[in-house]
Amino acid sequence: MTTNKATIKPHYIKMRIAYSIAVGITIFLGLASRKWSHLFPLVAAQNAGDVLWAMMVYFGFRLLLVRKSLHTALWLSFLFSFGIEFSQLYQENWINSIRDTMLGALILGKGFLIVDLIRYTAGILIATILDKMTLMFTLHK
């Protein structure tokens, strides 16, 4: 059975739209979890931001690499997230001045914490599971 490229293209466009929405929602929830952390239980307030950041990284890779497998996005998300965390061991004035900005702190973080690696793992796995479940339900319609 051959597939028509015209029918494949709309599928990938729909996936890009879905992943764009997922990135946007995740960013909103992540920022909200930091701004209104006092409204959440302590465990959620301490962990939600990093979990959601890692989920956003995963959805971002899926958006950019929509034709690649979930496993590709999974491993790239781990490499990227862990790479950012380990980069925090590097402390020089030029990069710390970037980290001192709001956007720099949100992207690069401030200081290395092993617990962040656990949070990133949880976020990436949650995003992957949600992605897999969504694909299963939408592709089997």
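Residues numbered from 1 in each chain as written. Predicted model: local features only at pLDDT ≥ 70, side-chain atom pairs only at ≥ 80, totals over all residues. Heavy atoms only, no water.

Attention shifts here to the packing of aromatic side chains. In total, this model carries 8 aromatic pairs according to the counting rule given. With centroids separated by 6.1 Å and ring planes inclined at 20 degrees, the aromatic side chains of Trp53 and Phe80 adopt a geometry described as stacked. Remark: Phe80 occurs in helix 3 (residues 70-87) and Trp53 occurs in helix 2 (residues 42-64); sequence separation between them is 27 residues. Assessed through its relative accessible area of 13%, Trp53 is described here as buried. According to the relative accessible area criterion, Phe80 is partly exposed, its value standing at 34%. Put simply, the rings of Trp53, Phe61, Phe80 and Tyr120 pair up and form one aromatic cluster. (Phe/Tyr/Trp six-rings, centres within 6.5 Å; stacked < 30°, edge-to-face > 60°. Helix = DSSP H or I, 4+ residues; strand = E, 2+ residues; numbered from the N terminus. Buried < 20%, exposed > 50% of the residue type's maximum accessible area, 1.4 Å probe, protein only.)

The residue Arg99 is located in helix 4 (residues 93-99) in this model. This buried residue, Arg99, is left without a salt bridge; Asp100 holds the nearest opposite charge, at 8.1 Å. A distance of 2.9 Å separates a polar side-chain atom of Arg99 from the backbone oxygen of Tyr90. Those residues in contact with Arg99, other than ones at most four positions away along the chain, are Ser87, Gln88, Tyr90, Gln91, Gly104, Ala105, Leu108, Gly109 and Lys110. (Lys, Arg positive; Asp, Glu negative; His and termini not counted. Salt bridge = Lys/Arg side-chain N within 4 Å of Asp/Glu carboxyl O. Polar contact = N/O pair within 3.5 Å; in protein donor to acceptor, adjacent residues only side chain to side chain. Contact = heavy atoms within 4.5 Å.)

Our next topic: the packing of helix 2 against helix 3. Two elements in contact, helix 2 and helix 3, have axes separated by 9 Å at closest approach and are oriented at 135 degrees. In terms of orientation, helix 2 lies oblique with respect to helix 3. Considering how the two elements wind past one another, helix 2 and helix 3 form a crossing that is right-handed. From helix 2, Trp53, Ala54, Val57, Tyr58, Phe61 and Arg62 reach across to helix 3, where they touch Leu70, Ala73, Leu74, Leu76, Ser77, Phe80, Ser81 and Ile84. (Axes fitted to C-alpha atoms, helices over the stretch in contact; angles between N-to-C directions. Parallel < 35°, antiparallel > 145°, perpendicular 65-115°, else oblique. Left-handed = near helix turned anticlockwise from the far one by under 90°.)

Once that is clear, we can look at the environment of Leu74. Checked against the element boundaries, Leu74 lands in helix 3. For Leu74, a relative accessible area of 11% gives the class buried. Through-space distance from the C-alpha of Leu74 to that of His11 is 21 Å; in sequence the pair is 63 residues apart. Once residues within four sequence positions are removed from consideration, Leu74 is found in contact with Tyr58, Ile124, Leu125 and Thr128.

This paragraph deals with helix 6 (residues 114-139). Because an α-helix completes one turn every 3.6 residues, residues spaced three or four positions apart along the sequence face the same direction. In this model, helix 6 (26 residues) spans 38 Å end to end at C-alpha, consistent with the 38 Å of a helix rising 1.5 Å per residue. Within helix 6, burial applies to Asp116, Leu117, Arg119, Tyr120, Gly123, Ile124, Ala127, Thr128, Asp131 and Leu135. (Expected span 1.5 Å × (residues − 1).)

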